[in-house]
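Residues per chain, in single letters:
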Amino acid sequence: MGSRWREARACGVAGVAAMAGYALAAAFRGAWPPESAQTAVPFHAQLWDLVHGRSPGDLLFNWNSGYGAPFLADFFAYLMNPFSWLAVLLPRSQGQFAVFLVELLSIGLGTGLMTYALGRLHAGPHWLRALAAVGYGLCAWVPTVGGTAPMWLWGLVSLPLLVLAGDWCLRERRWVAGTLCVALAWAGNLYTAAMATITAGLVLAVRLPAVRRPFKTLVRVTGRAVTMAVAGVLLAAPVLFVAVRAAQEAQPESPVQPLGPSGLGGHLARLLPGTHGGPPVPDVSVGLFGLLLVAGLPFNRRVRARERIAWCGLLVLVVLTFVWTPTVLVWHGLAIPAGGPYRAAFALSGLLVLAGWVSLAHRPDTPTLLGGAAVVLLVAAVAAGRHSVPASAWVLLTVGGAVLIAALRTLDHRHTDRRAGAAATVALGCVVLGGAVWSSYTALGTPASGTASGAPVRAGYAALQQAADWPRARADPGPHAFTPNDPLLLDGQGGGYSSGYLPTVTALLLHDLGAGWTAGGRQTESVTDPVGQTLFAVRTHLADGPPPDGFTVGRAAAPPLVTVLPPGAATDTSSVWSRQESLLGSRVYDAPEPVPAGGPAPAAHGGSGWSVPATPAGSDGTAFTAACTPGGTAYFHGVWFDGTVSGLGTTYRSDGEQPTTAVPVHLLGPVPADGVVRVVLRADTVTQVPARPVGCLRPGALDAAVLRLTATGATGVTAGGHTLTASLQQGSTGTALLSVPATTGWTCSAGGGPYAAPRAVLGMIGVPLGPGADRITCSFRPPGLTEGLTVALASATVTTLTAVFGRLRHRPTRTPRRVRRRAAEWQ
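Residues numbered from 1 in each chain as written. Predicted model: local features only at pLDDT ≥ 70, side-chain atom pairs only at ≥ 80, totals over all residues. Heavy atoms only, no water.

1. A closer look at the packing of helix α7 (residues 154–170) against helix α16 (residues 345–361)
Threshold: Comment: axis = line fitted to C-alpha atoms, over the contacting stretch for helices; angle = value between 0 and 180 degrees taken between N-to-C directions. Starting at the N terminus, helices and strands are each numbered in turn, a helix being any DSSP run of H or I of at least four residues and a strand any DSSP run of E of at least two. Angle categories are assigned with fixed cut-offs, so that under 35 degrees is roughly parallel, over 145 is roughly antiparallel, 65 to 115 is roughly perpendicular, and the rest are oblique. Left-handed describes a crossing whose near helix is turned anticlockwise from the far helix through less than a right angle; right-handed describes the clockwise counterpart. Should any heavy atoms of two residues lie within 4.5 Å, those residues are counted as being in contact. Residues are grouped as follows: nonpolar covers Ala, Val, Leu, Ile, Met, Phe, Trp, Tyr, Cys and Pro; charged covers Asp, Glu, Lys and Arg; every other residue, Gly included, is treated as polar.
Running from N to C, α7 and α16 cross one another at 45°; their axes reach a closest spacing of 10 Å. By the angle class used here, α7 and α16 are oblique. For α7 against α16, the interelement crossing comes out right-handed. Counted together, Gly155, Leu159 and Val163 of α7 and Phe346, Ala347, Gly350 and Leu354 of α16 form the full contact between these two elements. Of the residues assigned to the contact of α7 with α16, the class counts are 5 nonpolar, 2 polar and no charged.

Here's what the structure looks like:
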């Protein structure tokens, strides 16, 4: 019991030290990385709403974002970190603090597990293992990559967890427990679990030949590892199947440039603590303590030559996989992430800590320490020659390095002196923790300019809740935006959504109707014009406004969520204006062909649009004129236009960039009495605009269309978590049009008939109405969920049977009571 208590105490102290170090760095800097608030807080707000029964959707479907989007894959991706559930225990307004707790606890648990895993790798002093593990828990990847997305920090937990599972395979025990560990890692976050599984497999491959074993033993260990990994992954099959199917339906990532040459100096610099920025290279620093130990491993003759060669070879091999594009693709699921090509860097950091512990567990002697110090100085010299190394890093290298070498030498020469050992351990702890805090502080960068909390956010939330009328109409948080996921943050029903699983159908529907997008369509925005808002039944919306809140509340009449298109209604996709009219079922726009009217001449490309040349300095720009009905309202849709747009007294900046950033429809102003709309485009570069970029909303046309849609549309709409039912007017014919993107997974029934997949009407759900159809019912089920549950059930059955048979096989045999009584009588 005493050894277990000491082990638990060391793991706990290591976890608390890592959490304290990260918290101190964040406190000194004043904030954690900006992306945390932008991405994580809205999803945790959605989790709070789901648990407290405040969300209109459920785990399967999200009625808040993208005007209706699948949610289960996003739940698995963003909220399966077990610590995320702490958010439901705090007030909803404390989402930012909840996210910070998720980050801290993930760091603490990962550090504690690494402390224990190091002990299974090699026996050694508890407190030295704890210090080595702190270098892992506060490696440079944590503040620069993991801290920006709390779900990725589960990878920090998964790696030591899977290393422990590999250790059980090596000892040929605890197959069921190892399988559950694999399942826990993969269910927590697929992305980082795959990276951690590769790393744990490499560690097991190094440990197998480190000690001479019979061939049969090698086969048994390998078989246990493979079956354990497969069974564990299959236990998490619902997560895997749903994620894979959602990824197939998702909007593709923006094209990513191939990895460019970053130079030897850039890579070496990232091994040093406190060096960040510059070319994109892996953030793998584990602190000076870990770097010194790894650098000294080749010189440590107390480690068996076979083991030294294996670990050094593994590190070289993994480093090479981070500089060759095909292997970088393997690490990241065959796609280089747009946000950074080295999200798997925590795996290399973990290997550095494990290899460093192999050297430390064998008490590095003076030649080992001097050899390691020489390698570190060589790394620093090469990095300084080709990369900017801050002065603080040099101070840490010289002063901290001297203290580390002195302390480690003391532990080697006076390892029987408890007082000297304690003093040396304390000195090591001060350098390790101080260096980790400083490195994290420099990596966190400047605080975010925006925020996902505060008085304006609370005011926006209150405004939407006051106007809530779901499902009769939507209350849209856009086009104003606090974060890319305002519909989740403010519990509204808008078009804004930022997700790696955003369906292509949703992105293209909103894009085709004039909404903006960024990240190549993986981040959509709400529609901005009144016709678009009518199509999505938006009755209340938040528009940009003056301080202090930064928004104003807009209201307009809206038809029901379900309207009816008459039989034989034609669709016209020649422009954004015609697409809106096709879904509206009424002609409400003048969409004249523009006429060049001065400035640098544009080139006409027929239906594909106009090429607008870059505006020379001193020029007024390219001018177009268009003829519209006087008294109407003119709008401009530049889509990819990059430059300044001026017309009817309005001037605004358009930052389009094909295909990553699309600009939404923008209001110009009232059409003058002569009916001439003049627009001047000052382009920064040669850019493209649509063939008919100007649309003029005719006076009174939209009001008449809304009255008609209300009179012929649904008389009542009810929405469940992933269902929608609408009662229709008697005698309705044609197509019931749901203002919801037609994503895969929907099935609908008209008039109580059989359920079938609906047809898409320009991207919206359309349900053909037969004779006598007075209601429609639609239900959503995520693709892949049924298959995933079936596979998981089969894997759980196999795992349970294995556990039962293993228990029975190892159960000690007991002499029958009858035999025991007879034996007692003979005595």
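2. A word on the environment of Val379
Defined as follows: A simple rule labels every residue: compare its accessible area, found with a 1.4 Å probe on the protein chains alone, to the largest value its type can have, and call it buried under 20%, exposed over 50%, or partly exposed in between.
Tracing the backbone shows Val379 in helix α17 (residues 366–386). For Val379, a relative accessible area of 10% gives the class buried. A C-alpha to C-alpha distance of 74 Å links Val379 and Ala704, two positions 325 residues apart in sequence. Filtering out sequence-adjacent residues up to four positions away, Val379 remains in contact with Leu268, Leu271 and Leu272.

3. A look at the sheet that holds strand β21 (residues 694–697)
To keep things clear, this is the line we draw: Pairing between strands is defined by DSSP: at least two bridges between the two strands are required.
Read from one edge to the other, the open sheet built from 4 strands follows the order β10-β21-β15-β18, with strand pairing classed as antiparallel. Because the sheet does not close on itself, it has two edges, and the strands there are β10 (589–590) and β18 (666–670). Of the pairings in the sheet, the one linking strand β15 (residues 633–636) to β18 comprises 4 bridges and is antiparallel in character. Bridging from a neighbouring strand, Ala634 pairs with Gly669 of β18.

4. Quick notes on the side chain of Ser586
With respect to the secondary-structure elements, Ser586 resides in the loop between α24 (576–584) and β10. Overall, the relative accessible area of 17% leaves Ser586 in the buried class. Contact partners of Ser586, with chain neighbours within four places excluded, come to Glu581, Ala705 and Arg708.

5. What about the sheet that holds strand β19 (residues 676–683)?
Strand order in this open sheet of 5 strands is β11-β14-β19-β16-β17, and the pairing throughout is antiparallel. Unpaired on one side and paired on the other, β11 (595–596) and β17 (650–655) mark the two borders of the sheet.

6. Remarks on the pattern of salt bridges
Inclusion rule: What counts as a salt bridge is simple: a side-chain nitrogen of Lys or Arg found within 4 Å of a carboxyl oxygen of Asp or Glu.
For the structure shown, the criterion picks out 18 salt bridges. Here Arg302 and Asp412 are joined by a salt bridge, their closest N and O atoms 2.7 Å apart. Of this pair, Arg302 sits in the loop between α13 (287–296) and α14 (305–321) while Asp412 sits in helix α18 (residues 391–413), placing them 110 residues apart in sequence. We classify Asp412 as buried; its relative accessible area is 7%. Asp590 is the salt-bridge partner of Arg698, the closest N and O atoms lying 3.0 Å from each other. Highlighted residues: Arg698 in the loop between β21 and α25 (701–712) and Asp590 in strand β10, separated in sequence by 108 residues. On the basis of relative accessible area, Asp590 is assigned to the buried category, the value being 14%. Each of Arg120, Asp167, Arg171 and Arg207 takes part in a single network of salt bridges with overlapping partners.

7. Some words on the state of the cysteines
The following threshold applies: We call a pair of cysteine sulfur atoms a disulfide whenever their separation is within 2.5 Å.
Summed over all chains, the structure comprises 2 disulfides. Put simply, Cys628 and Cys696 are joined by a disulfide, and their sulfur atoms are 2.0 Å apart. One disulfide, between Cys628 and Cys696, carries an S-S torsion of 65° and so falls in the right-handed class. Highlighted residues: Cys628 in the loop between β14 (622–627) and β15 and Cys696 in strand β21, separated in sequence by 68 residues. Covalently, Cys748 is tied to Cys778 through a disulfide, its sulfur atoms 2.0 Å apart. Taking the sign of the S-S torsion, about 110° here, the bridge from Cys748 to Cys778 comes out right-handed. Remark: Cys778 occurs in strand β28 (residues 775–780) and Cys748 occurs in strand β25 (residues 746–750); sequence separation between them is 30 residues. Residue classification places Cys778 among the buried residues on the basis of a relative accessible area of 0%. Along the chain, the cysteines engaged in disulfide bonds are linked according to the scheme 1-2, 3-4 when indexed in sequence order. Lacking any disulfide linkage, Cys139 is separated from the closest cysteine sulfur, that of Cys11, by 18 Å.

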